[in-house]
Amino acid sequence: MSQPNTFDIVILGAGSGGYAAALRAAELGLTVALIDKAELGGTCLHRGCIPTKALLHAAELADQTRESEQFGVKADLVGIDMAGVNSYKDGVVGRLYKGLQGLLKQDKITIVQGAGKLVAQDTVEVDGQRYTGRNVILATGSYSRSLPGLEVDGKRVLTSEHALKLDRVPSSAIVLGGGVIGVEFASVWKSFGADVTILEALPRLVAAEDADISKQVERAFRKRKINFKVGKPFEKVEHTENGVRATIQGGETVEAEILLVAVGRGPTTQDLGYEQQGVRLDRGFVLTNERLHTGVGNIYAVGDIVPGLQLAHRGFAQGIFVAEEIAGLNPAVIDEAGIPRVTYSDPEVASVGLTEEKAKEKYGADKVTTYNYNLGGNGKSQILKTQGFVKLIRTVDGPVVGVHMVGARMGELVSEAQLIYNWEAFPEEVAQLVHAHPTQSEALGEAHLALAGKPLHAHS
Ligand code: NAI
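Only a predicted model underlies this, so the values are computations on that prediction, with no experimental measurement involved.

### Side note on the UniProt feature "active site" (unreviewed entry) in the protein
Next, step 1: The UniProt entry lists His437 under the feature "active site" (unreviewed entry), expressed in the numbering used here.
Next, step 2: Mapped onto the elements, His437 comes out in the loop between helix H12 (427-430) and helix H13 (441-451).
Next, step 3: By relative accessible area, His437 is classed as exposed at 60%.
Next, step 4: Of the polar contacts made by the side chain of His437, one reaches the side chain of Glu442; its length is 2.7 Å.

### A look at the domain arrangement of the protein
Next, step 1: Segmentation of the protein into domains returns domain 1 (6-144 + 266-336), domain 2 (157-263) and domain 3 (347-451).
Next, step 2: By the criterion of area lost to domain 3, the three top residues of domain 2 are Asp210, Ile213 and Gln216, representing 50% of everything that side buries.
Next, step 3: Across the contact surface, domain 2 and domain 3 share two salt bridges.
Next, step 4: Between Asp212 and Lys391 there is a salt bridge whose closest N-O contact spans 2.8 Å.
Next, step 5: Our enumeration of links across domain 2 and domain 3 arrives at four residue pairs in polar contact (both at pLDDT 80 or more).
Next, step 6: Counted by class, the side of domain 2 that touches domain 3 contains five nonpolar, one polar and five charged residues.

### What to know about the packing of helix H3 (residues 49-66) against helix H4 (residues 82-106)
Next, step 1: Two numbers describe how H3 lies on H4: the axes approach to 9 Å, and their chain directions differ by 140°. The orientation of H3 relative to H4 falls into the category oblique. For the crossing formed where H3 meets H4, the hand is right-handed. Touching Ile50, Pro51, Ala54, Leu55, His57 and Ala58 of H3 are Met82, Val85, Tyr88, Lys89, Val92, Val93 and Leu96, all from H4.
Next, step 2: Among the residues forming the contact of H3 with H4, the class breakdown is eleven nonpolar, one polar and one charged.

### So, the environment of Pro347
Next, step 1: Of note, Pro347 is situated in the loop between strand E20 (341-343) and strand E21 (348-353).
Next, step 2: Other than its neighbours up to four places away in sequence, Pro347 contacts Val217, Ala220, Phe221, Val406 and Gly407.

### Some thoughts on the nonpolar core
Next, step 1: Counting 48 residues, the largest nonpolar core has Ile11, Leu34, Ile137 and Leu138 as its most contacted members.
Next, step 2: Broken down by secondary-structure element, the contributors of at least two residues to this core are strand E1 (6-12), helix H1 (16-27), strand E2 (32-36), H4, strand E5 (123-126), strand E6 (129-138), strand E19 (299-301) and helix H8 (312-326).
Next, step 3: With sequence-adjacent residues up to four places away left out, Ile11 is seen in contact with Gly18, Ala21, Ala22, Val32, Ala33, Leu34, Ile35, Ile137 and Ala139.
Next, step 4: With 34 residues, the next largest nonpolar core counts Leu56, Ala163, Val183 and Phe192 among its residues.

### Description of the site of the ligand
Next, step 1: Taken together, 23 residues surround the ligand, and among them Ile181, Glu184, Glu200, Gly264 and Val342 come closest.
Next, step 2: At a separation of 2.8 Å, an oxygen atom of the ligand approaches a polar backbone atom of Ile181.
Next, step 3: Between the ligand and Phe234 there is a distance of 3.1 Å, counted from a nitrogen atom to a backbone nitrogen or oxygen.
Next, step 4: Protein contact buries 78% of the 840 Å² of open area that the ligand shows by itself.
Next, step 5: Elements that contribute at least two residues to the shell around the ligand include exactly helix H6 (180-191) and strand E10 (195-200).
Next, step 6: Looking at the shell around the ligand, the element that brings in the most residues is H6, giving four residues.
Next, step 7: Split by domain, the shell around the ligand shows at least three residues from each of two domains, domain 1 (6-144 + 266-336) and domain 2 (157-263).

### Description of the environment of Glu290
Next, step 1: Residue position: Glu290 is located in the loop between strand E18 (285-286) and E19.
Next, step 2: C-alpha separation for the pair Glu290 and Ala75, spaced 215 residues apart in sequence, amounts to 54 Å.
Next, step 3: Residues contacting Glu290, with those up to four places away along its chain left out, are Phe321 and Val333.

### Topic: the state of the cysteines
Next, step 1: Inspection of the entire model under this criterion finds one disulfide.
Next, step 2: Across the disulfide from Cys44 sits Cys49; the S-S distance is 2.3 Å. Here Cys44 and Cys49 share a disulfide; its torsion about the S-S bond, -135°, makes the bridge left-handed.
Next, step 3: For Cys44, a relative accessible area of 15% gives the class buried.
Next, step 4: For Cys49, a relative accessible area of 27% puts it in the partly exposed group.

Cut-offs and rules
Every chain begins its residue count from 1, and numbering advances along the sequence as written. Under the rules for a predicted model, residues below a pLDDT of 70 receive no local features and side-chain atom pairs below 80 are neither given nor counted, while totals for whole chains, interfaces and linings still include all residues. Side-chain calculation: all heavy atoms of the structure are included, whereas hydrogens and water are not. UniProt positions are given in the numbering used here, feature names are shortened, and annotations may be inferred rather than shown by experiment. We count a stretch as a helix when DSSP gives it H or I for four or more residues in a row; a strand needs E for two or more, and each element gets its number in order from the N terminus. We call a residue buried when its accessible area falls under 20% of the maximum for its residue type, exposed when it is over 50%, and partly exposed in between, using a 1.4 Å probe and counting protein chains only. In protein, a polar contact requires one atom able to donate a hydrogen and another able to accept it; more generally it is a pair of N or O atoms within 3.5 Å, and residues adjacent in sequence count only if both atoms are side-chain atoms. For each domain, the first and last residues come from an automatic or database assignment. In short, buried area is how much 1.4 Å probe accessible area vanishes from two parts on joining, totalled over both. For this document, the term salt bridge refers to a Lys or Arg side-chain nitrogen within 4 Å of an Asp or Glu carboxyl oxygen. Here the nonpolar group is Ala, Val, Leu, Ile, Met, Phe, Trp, Tyr, Cys and Pro; Asp, Glu, Lys and Arg are the charged ones; every other residue, Gly included, is treated as polar. Each axis is a line fitted through C-alpha atoms, and for a helix only the stretch in contact is used; angles between axes span 0 to 180 degrees, taken between their N-to-C directions. Working rule for angles: under 35 degrees goes down as roughly parallel, over 145 as roughly antiparallel, 65 to 115 as roughly perpendicular, anything else as oblique. Rotating anticlockwise by less than a right angle from the far helix to the near helix defines a left-handed crossing, while the corresponding clockwise rotation defines a right-handed one. Should any heavy atoms of two residues lie within 4.5 Å, those residues are considered in contact. Within this scheme, the nonpolar core is defined by two criteria: the residues are buried Ala, Val, Leu, Ile, Met, Phe, Trp, Tyr or Cys, and they are joined through side-chain atoms within 4.5 Å. Any residue with a non-hydrogen atom lying within 4 Å of a molecule or strand is treated as near it. Areas reported as accessible are Shrake-Rupley estimates using a 1.4 Å probe. Residue values count occlusion only from the protein chains shown. Cysteine sulfur atoms are paired as a disulfide whenever they fall within 2.5 Å.

This is the structure:
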C-alpha cells in the first residue's frame, strides 16, 4: 500500500498530456497524484483547442448565413452578439470540464491544486507539502511566446488567451504570425466582419504544411479578402490614438484596433526545479529519449515541453504511452509523422505524414510520386460549394507517405488519412476500398484510384 503522499506516479501539470497519463495509469491500477496550479484540462480545454473551435463554428454559421442566398435560402446576417458567442463557447468548455473532473474523481486520482516544484528527483512540492512518486511525469505545457520589444498588454496587443475573451468584434486586427493560431483567428475575425491583416516572416502562410497547401490557403484568403504580407519579419509596434501600428522589415506599416501575437508557444519549464534535479533542457524544452524518459531517475516528460508537434492529441498519446511504460507494458514508440494535424480555418487544412519536400529529402526526388485530386470532381464538395484538393505522396512502387488536404470539413477526413499512413498502405490497396457516395471521403478514394492507375472521376 502507498503511504499518504507517496504514489506510483506524481504528475506535474493536468493538461492533455498530464491528465491522459493519470487516467491511463489509474486504469492500470497505479496510484496517481495530479498537480496543477490552474484548472484541470489545461490550455487545450480552457484556452486553446476547444474554445477556439467553438469560435470557428460560430464563424462558419455567420458565413453560411451571409452566403445562404447562393443556396436559395433567404436570410440576413443581422450581426454578431459576442456575449452570445462567448456564452455558447464557455458552455461547451464548462460541460467538458465537468466531465473531466468526474472522470478523474471516479478513477480515485488524487488532485492537488497549487503550483508545484520538483525538489528532488522523486518529489514535487506544493505549498510546503511534498508528494513523492516512484515515477514523476513532467507535463507543464506551454505559454504564448512574444517578441523582444513587443509588450503584451491584453488590451491592444493580445495573446490568443486574451483574444478568446474579447467581448466585442474588433473593427480591424493585425495577426502577427501566419501559423496555426494566426490563420484560425484571422479566419474567425474575418467571418465576424473585421478587417484582418496577417504578418508572416516566412515566405508563406501555414509554412509547416506542404507548399501546395499554403498556395491554396493563400488563394482562398485572397478571395475572402483576408490581407496578408509574407516574407518580411515584424519590426515594431506602436500605440496610435485608437489602436496599434505595426512596422515590418522595409518600413511598411499596418494599422488596426488590436494586434494578436501568434508567433509560437514556448515550453513552461522555468523555475520549476527541472535543471536543478539534472533534467536537461534545450532552449527551454525538456530533452528525452524516444521513450520519453529524461535520463534522470524515473522522470518522464510529455506534451508541449517535449520538442516536436505541440498538439493536444500528441499529448494524450504521450501520456498514455508513459503510463503504459511505467506499468511495464512496453508500448510501441510514437511516430511523430503519423500524428494527424488539422488547422480549422476556412478553408480547413488536414495532413499526416511527410510533405512533398520532406519526402524528396528522405527518399530522393526521383523516388517520390505525387497526385493532386481537385475537389471540383467531388460531388459532396460541390454541394458544399467548397474548393480545394487532396494531395497524396507515395514512394515509387511503395506506400503512401503523406496525405495533405484543404477545403471545407477536411479535418474529418484525417482519420482515414492517418490509417492509410500508419498502416503503410499502398495506393492499390486503398483503391480496393469502397467509399460512400456522395461523401467528401470519396476524394481520398478517387486520389488513390488515380495513383493506382485507374481513375474514375479524374485523370491519372
Ligand atoms: P506556429 O509555429 O504555428 O506559427 C508561428 C508563426 O509565426 C510562424 O509561421 C513564424 O514564422 C511566425 N513568426 C515568428 N516570428 C515572427 C516575426 N518576427 N514576424 C512575423 N512572423 C513571425 O505557432 P502558433 O500559430 O503560435 O501556434 C502555437 C502552437 O499551438 C503550434 O505548435 C500549433 O501547432 C498549436 N496549435 C494547434 C492548433 C491546431 O491543431 N488546430 C490550433 C492552435 C495552435
